[in-house]
Amino acid sequence: MIIALVIMPQGGLTELAPWLALFAGLVLLAANGWIAFGNLMRRTELFEVKPIVIRRAAAVCLLLFAMILASASIQSLA
């Protein structure tokens, strides 16, 4: 719902096609990045990440995403 209502521009299918293709490409890029990162963590014994580090990194990512959404909302009000 957030992606549909906030991030994606509104319009017809022909106007949205490039944006949807870009979004699909970004989703694939992010998914492949997570897969590669997980594979690297599994293969390398020197690269040990504790669960707390992963939780904190995820929290930082969520905070940045929330800030981006909030700034877009505030800018639209001005």
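Residues numbered from 1 in each chain as written. Predicted model: local features only at pLDDT ≥ 70, side-chain atom pairs only at ≥ 80, totals over all residues. Heavy atoms only, no water.

S.K.: An account of the overall build of the protein chain is requested, with residue identities and associated values reported.
M.R.: Within the protein chain, the regular secondary structure consists of three helices and zero strands. In the protein chain, buried positions account for 4% of the 78 residues. By element, 73% of the accessible surface of the protein chain is carried by carbon and sulfur atoms, the whole surface being about 7000 Å². (Helix = DSSP H or I, 4+ residues; strand = E, 2+ residues; numbered from the N terminus. Buried < 20%, exposed > 50% of the residue type's maximum accessible area, 1.4 Å probe, protein only. Areas by Shrake-Rupley, 256 points an atom, 1.4 Å probe, with all protein chains shown as cover.)

S.K.: Any chance you could break down the packing of aromatic side chains for me, citing the residues and the numbers?
M.R.: Counting across every chain of the model gives one aromatic pair. Ring geometry for Trp34 versus Phe37: centroids 6.2 Å apart, planes at 80°, classification edge-to-face. In this pair, Trp34 and Phe37 both sit in helix α2 (residues 13-43), three residues apart, roughly one turn of the helix. (Phe/Tyr/Trp six-rings, centres within 6.5 Å; stacked < 30°, edge-to-face > 60°.)

S.K.: Describe a nonpolar patch on the surface, listing the residues and the values that go with them.
M.R.: A surface patch of nonpolar side chains, about 430 Å² in accessible area, is lined by Trp19, Leu22, Leu26 and Leu29. Turning to its location among the elements, Leu22 is positioned in helix α2. (Patch = residues over 30% accessible without salt bridge, like charges linked within 9 Å, V, L, I, M, F, W, Y side chains within 5 Å. Salt bridge = Lys/Arg side-chain N within 4 Å of Asp/Glu carboxyl O.)

S.K.: So what about α2? Which residues, and what values?
M.R.: In this model α2 runs 43 Å from its N-terminal to its C-terminal C-alpha over 31 residues, within 8% of the 45 Å that 1.5 Å per residue would give. In α2, a bend of some 25° at Trp19 exceeds every other bend along the element. (Expected span 1.5 Å × (residues − 1). Bend = angle between axes of the 7 residues up to and from the residue.)

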